[in-house]
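# Geometric and topological summary
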Amino acid sequence: MQDIKQIRESFSPPILEGKHDFATVSDKIGDITLKRKTPFHWFVGFAIFFLIAQMLLATVTYLLLKGVGIWGNNQPVGWAFDIINFVWWIGIGHAGTLISAILLLLNQKWRTSINRFAEAMTLFAVACAGLFPLLHTGRPWLAYWLFPYPNTMGMWPQFRSPLMWDVFAVSTYATVSLLFWYVGLIPDFATLRDRAKSKVFKIIYGILSWGWRGSARHWHRYEIAYLILAGLSTPLVLSVHSIVSFDFSVSQLPGWHATIFPPYFVAGAIFAGFAMVLILAIPLRHLYNMKDFITLAHLDYMGKVMLATGLIVCYGYAMEAFFGWYSAAQYEYYMIYNRIWGGPYWWFYWLLILCNGLSIQLLWFKRFRHSEFWLFTISVIVSIGMWLERFVIIVTSLHRDFLPSSWAMYSPTIYDYSMFLGTIGFFFTLFYLFVRFVPIISIFEVRTLLPEAHVHGHHQDFEEIVNEVEIEKIDKP
Amino acid sequence: MSFAEIRKKILEQENGKKYWRSLEEFADTPEFTEFLKREFPHNAEEWDSSLSRREFVKLMGASLALAGLSGCVIQPPEKIVPYVRQPEEIIPGKALYFATAMTLSGIATGLLVKSNEGRPTKIEGSPEHPGSLGATDVFAQAALLGLYDPDRSQQITYLGSPRTWQNFITEIRAKIDELRPSGGAGLRFLSETVVSPTLAGQIKQLLSELPNARWYQYEPINHDNAIAGAKLAFGSPVQVVYQFDKADRILSLDKDIFSEFNVRYMKDFAKGRAFTEEKQEINRLYAVETTLTLTGAKADHRLAVKPSQMVVVAKAIASALGVSSIEVDRATLDEKTNKWIDAMARDLLAHKGKTIVMVGDNQPPIVHALAYAMNEVLGNVGKTLYYIEPFAPNAENLQIDQLRQLIQEIDSGQVRMLVILGGNPVYNTPADLKLSKERMLKIPLRVHVGLYNDETAELCQWHISEKHFLESWGDTRAYDGTVTMIQPLIKPLYNSRSIYEVVQVFFKENYDKSDLDIVKDFWKAQSAKQTSGQADTDFEKQWRRAVHDGFMQNTAYQPKSVSVDFNRVAQEVQRFEAAAKTDELEIAILPDPTIYDGRFSNNGWLQELPKPITKVTWDNVALVSPNTAARLGLNQAGRNPNEQAGGAQGITFFNTKGGNLFSDLVKLKFNGAEISKPVPIWIQPGQPDDVITIFLGYGRTRSGKVGTGIGYDAYEVRRSDALYFGFGNLQKTGEQTAIASTQIHFNMEGRDVLRVWDVEQFKENPDMGHQHDEYPKSLYPRYDYSDETAEWRHKWAMTIDLNACVGCNACVIACQAENNIPVVGKEQVQRSREMHWLRVDAYYMGDDVNNPNDLAFQPVLCQQCELAPCEVVCPVHATVHSAEGLNDMVYNRCVGTRYCSNNCPYKVRRFNFLLYQDWDTPQYKLMRNPEVTIRSRGVMEKCTYCVQRISLARIEARKQGRRVLDGEATTACQTVCPTDAIVFGDWNDEQSRVAKMKKDKRNYILLNELNTQPRTTYLAALKNQNPEMPDYVKPPEIKHKTEKHEATEKNEAH
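Note that the coordinates shown come from a computational prediction; the quantities given were computed from them, not determined experimentally. (Residues numbered from 1 in each chain as written. Chains lettered and ligands numbered in written order. Predicted model: local features only at pLDDT ≥ 70, side-chain atom pairs only at ≥ 80, totals over all residues.)

Turning our eyes to something else, we now look at the overall build of chain A. Counting its regular elements, chain A contains 17 helices and zero strands. The globule rule puts the C-alpha radius of gyration for 477 residues at 23 Å, and the 24 Å found for chain A is close to it. Of the contacts formed within chain A by residues at least 6 apart in sequence, a portion of 82% connects residues at least 24 apart. (Helix = DSSP H or I, 4+ residues; strand = E, 2+ residues; numbered from the N terminus. Rg over C-alpha atoms; globule rule 2.2 N^0.38 Å. Contact = placed C-beta atoms within 7 Å.)

This paragraph deals with the sheet that holds strand 38 (residues 1003-1004) of chain B. Residue and element names in this part refer to chain B. The strand order 37-30-39-38 describes an open sheet built from four strands, whose pairing is mixed. Since the sheet does not close on itself, it has two edges, and those belong to strand 37 (982-986) and strand 38, each with one partner. Where strand 30 (residues 796-801) and strand 37 come together, five bridges link them in antiparallel fashion. Within strand 37, the residue paired with isoleucine 800 across the bridge is isoleucine 982. (Pairing = 2+ DSSP bridges.)

Next up on the list: the domain arrangement of chain B. Along its sequence, chain B is organised into domain 1 (3-56), domain 2 (156-218 + 398-472 + 493-538), domain 3 (224-388), domain 4 (585-741) and domain 5 (779-985 + 1006-1016). Using only C-alpha atoms to locate each centre, domain 2 of chain B and domain 3 of chain B end up separated by 38 Å. (Domains from an automatic or database assignment.)

It is worth spelling out unusual backbone geometry at this point. Here Gln75(A) and Pro76(A) are connected by a cis peptide whose omega angle stands at 10°. Here Pro76(A) lies in the loop between helix 3 (40-66) and helix 4 (81-105). Although it is not a glycine, Leu159(B) sits at a positive phi angle of roughly 50°. Within the element layout of this structure, Leu159(B) appears in the loop between strand 4 (156-158) and strand 5 (161-163). According to the C-beta neighbour criterion, Leu159(B) is exposed, with 9 such atoms within 10 Å. Phi is positive for Cys946(B), close to 50°, though the residue is something other than glycine. (Buried ≥ 20, exposed ≤ 12 C-beta atoms within 10 Å, placed from the backbone.)

A word on the sheet that holds strand 1 (residues 96-104) of chain B. Residue and element names in this part refer to chain B. Read from one edge to the other, the open sheet built from three strands follows the order 1-2-3, with strand pairing classed as antiparallel. Edge strands, defined here as strands with exactly one partner in the open sheet, are strand 1 and strand 3 (119-125). Here the strands of the sheet are splayed against their neighbours by 35° on average, with no regard to which way each runs. Pairing of strand 2 (residues 107-116) with strand 3, which is carried by six bridges, proceeds in the antiparallel orientation. Paired with asparagine 116 across the strands is arginine 119, a residue of strand 3. Relative to strand 3, helix 5 (residues 138-148) is tilted by about 170°, and along the sheet it contacts strand 1, strand 2 and strand 3. (Axes fitted to C-alpha atoms, helices over the stretch in contact; angles between N-to-C directions.)

Time to look at the interface of chain A and chain B. Tallying the contact residues gives 43 residues for chain A and 46 residues for chain B. Counting only elements with at least two residues in the side of chain A that touches chain B, the list comes to helix 6 (162-195) and helix 11 (330-342) of chain A. Of the residues assigned to the side of chain A that touches chain B, the class counts are 22 nonpolar, 17 polar and four charged. (Nonpolar A, V, L, I, M, F, W, Y, C, P; charged D, E, K, R; others polar.)

This part is about the environment of Val138(B). All names here are of chain B. Note on placement: valine 138 falls in helix 5. Along the backbone, valine 138 and glycine 807 are 669 residues apart, and their C-alpha atoms lie at a distance of 11 Å. Contact partners of valine 138, with chain neighbours within four places excluded, come to Thr594, Leu606, Leu609, Cys808, Asn809, Ala810 and Ile813.

All names here are of chain A. Where helix 10 (residues 296-326) contacts helix 12 (residues 346-358), the axes come no closer than 9 Å and their chain directions differ by 145°. Between helix 10 and helix 12, the residues in contact are Gly310, Val313, Cys314 and Tyr317 and Ile353, Asn356 and Gly357, respectively. Of the residues contributing to the contact of helix 10 with helix 12, the split by class is four nonpolar, three polar and no charged.

Residues and elements named next belong to chain B. Side-chain alternation along strand 39 (residues 1016-1019) places Thr1016 and Tyr1018 on one buried face and Thr1017 and Leu1019 on a second face that is also buried. Looking at chain direction, strand 30 and strand 39 are connected through four bridges and run parallel. Counted as the bridge partner of aspartate 801 is leucine 1019 from strand 39. Relative to strand 39, strand 38 is paired through two bridges, and the arrangement is antiparallel. What sits directly across from tyrosine 1004, in strand 39, is tyrosine 1018.

Before going further, it helps to spend a moment on the environment of Val328(B). All names here are of chain B. One can find valine 328 in the loop between helix 11 (310-320) and helix 12 (335-349). In sequence terms valine 328 and proline 610 are 282 residues apart; their C-alpha atoms lie 41 Å from each other. In this view, valine 328 contacts Lys315, Ala316 and Ser319; residues no more than four positions away in its chain are not counted.

Okay, the environment of Tyr315(A) next. Residues and elements named next belong to chain A. Position of tyrosine 315 relative to the elements: it lies in helix 10. Note on tyrosine 315: 14 C-beta atoms within 10 Å, which makes it partly exposed. Sequence separation between tyrosine 315 and glycine 357 is 42 residues, and the spatial gap between their C-alpha atoms is 9.5 Å.

All names here are of chain A. Relative to the 18 Å expected for 13 residues at 1.5 Å per residue, helix 12 spans 17 Å between its end C-alpha atoms, a close match to the ideal helical length. Within the sequence span of helix 12, burial applies to Tyr349, Leu352, Cys355 and Asn356. Seen from one end, helix 12 has its buried residues packed into an arc of 130°, which puts them on one side. Away from its buried face by more than 90 degrees, helix 12 exposes Trp347 and Leu358. (Expected span 1.5 Å × (residues − 1). Arc of directions from axis to C-beta.)

Okay, here's the thing in structure tokens:
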């Protein structure tokens, strides 16, 4: 028997390591927020990213004072860093919900130890993403006109515009993701409340946990709510990025006008999202000694997801190029020629292929999937590659379209960079706060992975337990 | 504080008044005033009744709810006083039009200027005036900004401090009185070319009063060579008047009629070029020139010639045309040139009496003389051209000689007082005759009259700010001599005087006269002379008529009968020595296409107007051919070799560094002198090898906020013996500079964008331009016009005849002036953010980058699509379809997502990335068209088909209960177009010009396959090539046969 176990482990490492019981799990995760001294590295990291986030603040202030002309956008490149960054962040935001919702529905146990921070990542990424469409408008103070609200002008937004669909898609996604994340947090907030020593924390976590007492009824409701939200989120995972891709595919610009965009964008988003989860998970694992919970198995699975989605994305690239040629439309043809070979931005394309196409081929091998260094490196490369992909799609398509007389070049300004870096700073600032004040891994869900969670002689699901408890209650009034 | 309390307090006051006239006087205490004036005075009456908590909350709730209703701030009252007595003809909101004229380079264009409540807001050509016929050019259009330029000189100054006009008169007259006994010895006047009859009369009178005074004329761009050539050929100076509408074959020897100030020539040329069902023969234009000009671009055959070769080529042409006793060694010319000349000459000879040979002002006198001889031999005189007496007094003396004499007199210390009337000679005199600081300081008293406090004003004690032509009275002459009136549109904005008024000060009597009186009295005297002192009323009538029309009927010069002395011409040709061959590069000097000789350098519209060929803005560059650039290693950095050479795709990029525009800076030497500022190099296809073309007008040191310090100054090296070309060399500095050009890609990439057809091929295959109708293939339903309540069902549409378009850019500036389009500056143009709603695209054709077959132009503005891609993607309905089919842009609704622009295949939308409009300068507030919104930052804008003009026409028509007639609603670009290339009107009106043009076989839709169904369509350009010419390009085979088209058309009909 031992041998078989070893063989199985070598084939697929366990998703929970070390000797743990309910108490140790709670200690290990809960203590980060409650007991352990805030580590020095937290202060260093937080300070750095907080400073970078100030750059965002400064840029936005200047932007509001001067106008979007401080960026490099021009005619014909009306969208550039603003929309690249928007799509990039929205893409990153995808993995969280995918992990929590779709993997939950698919009953993938390994999601439990990564879903919390992945969802947090989603929220923060969506927050960063949301800044761009708002601030990229010429008059951001009027951007609320994109919402359908009753007004004296008697005006509705234009429902034929994909930007309009974007507003709904992204705001729905942000709302549902937030709810999903928060609902999942309630039992853990209650755990923290119970374990907190300081009065302030007790009160704060007490409020946040909404009087959770862990009764069976609570658990029952909780499970149903969680499932409903998972069900709601699942189509959203697919719809948000499909709709974001409509921004491009609905227009008639060569390089944008392609039917492959929705699935290609969704795959790209998951790809980018998992890369970001890995970028976050690997340091977390080390800095907070979470190796027991985020095991090699998790890294391995995520590597596989990246490989799979990355290959879909590469298929997308291949199809774009193929149809550019196969369409026999001269504009499409030129667009591909310009993108791959003839245009001044050709090296962006090949850098993209290098990042997104070649680098992930390493993930076929277990050696790389099990190496934190390689996974982290590949994830960073993939993140860069996904940014480049949006650059290639947006800028190189726009800069040379139909009439050669309007062709021009795009070059970003310092404010393009400061805004982008600023959102990265903002993202990590939020993430640092999250790490400090919220359990980074779902305590109660990890507990369900423990053998103790399965003490009953026969397998019982939650409903049965609840029923038993209910019956007991009725029996003893 | 309650009212009762205040009352009590006031009454208690010791000084409480017993009698008062008003409540304020009665209660003149600070508290009471505050109580009255402030909405919320200090210690306002407090609620003293005790209130239950519940009631308080209720009250607060109600207050909050009502707060929204009451608004925040009480607006201060603004008083609007209507006219107590309505001035005649002025109806607020309704524009008036007045005739006036603008003079440039010795001729005038008659104008009709729009005036809104006394502010000139738009300049149009005067339809009746022979020099305009309703059209104008870029300079006249931009004159509006010149009037309102806040940098214009605003007062009379003495050594920089303000003086009054009376100060000036007193002091100057004291000086004149000192000079009077000596007959004005030492008094010198320097003006630009005198065209005004009144000013000529004044000069005559002045010189008779002060016989020892001298009057000189100098302008850097003048007609000296033509005059000198005429003296050679005829023995007396003449001015030529061409009649291009009568010419079938035109040969230009470096004359660019499309960039000169004469729009009448462009009109006439377009008439001869027009292709209609009735008139299938179009004129043929041959161009022999150095630098590629608009004329060369329009030409059917163009020969690029080095400046030093021009005389030889002209001689060869003359001999080929049979001008007697011209000996020429044809062996010095290469074979192709010889063939070119012979075939061309045969063509001209076959059309005797219907040809024109014309020569540019930059060519030496001998070429002009040869041309006069050629026209004589071809029998053109009296048929396609005639000669008249030059307008300017003293015209037989060349301007450069006049300047030379003045400089000699200054150097020898004879000049006691120099009066500079207009112009900027300190800046624009040639280097060897420079009116330099040293020379100026030798003159004890210097007076300058000018629009700007410029380089010349700086060196003069007195500076009189000159009235802009829109502020002053005056007269001038059209190209054929017609007397043209100038009347003011507005009271002078500043304390300025006209040149007439300044000259009048020098007279013995009547020295303080207004320009109106001076001009009117002059013509009164003229009229009296003719009618031998008859009734004044006749004159008054004539005067009113002339001012109303803008010109005097039947005052054109009579043709001057002269004949060419062939022997003298032949002798001169013999005597002419070709410039010695050197290893140096040849350098040609031209006036700038938009800044001219430098006088428009502070005009933002003209600075930002792309130069018609290079599309460069805000700079002057030095043009070199691609070969020369490659040989000397100029502008080669970062070049993708695939993109440089022509190849099957033709010519693509020049001057690019991976796409952005960069230019090598060189040190340029011309005839030994070096231009102090480094000169940016620009690669220009069509330029002959080893020739550099540089442009005048830049490098100004005292121009204004806009024009100071940009570009290099070519006057630094221009010499009186080498005004237009010479030899020189360049030295690389190793530095680069960024140049702002509005177009970087000049190749159509094999796309069906700009159609240029061979006229013969088109005649044989009239259906060669057939396009499929893609209309049914739309996802969205078509706009339902039947639902609309519009009474007359107008369907506005436009056609642009590319056969007529010469690329002169007048439409671009007209649009800018009409629609309050801001100037964005070089840095923003470099970022490709220029705001022109209408642009003129240029495309080269042919495989040889050094010798393109053709350069064609295409004005592109909003195409007003029926199925507009922009409308679908705007999330807030800011761009919507109108009932008359326009794509309306609702600025107030625009939030600035720029999606519409991304989705516009024509890229005609323009975005206010920053606050480009100047909201503060008071002069600009006067200038703007009150009928067009001033757009702020963050808003998308684009061509509206001048919707304000359509509305105006519609309102007029509705008042009379009829539909808008054809030609009633016109766009600004259409009105200005000197070649009538743009036609606008109602497509639903079968009889309208636009509806007829749409049926033309040349009519085509730009990017038809996108199914945008634009309202703007183009008419293919035609080339009238001579098959015998060595540079004849065989038109490509038509891919689809005509029968096939007919078949598909039938199918579509079913």
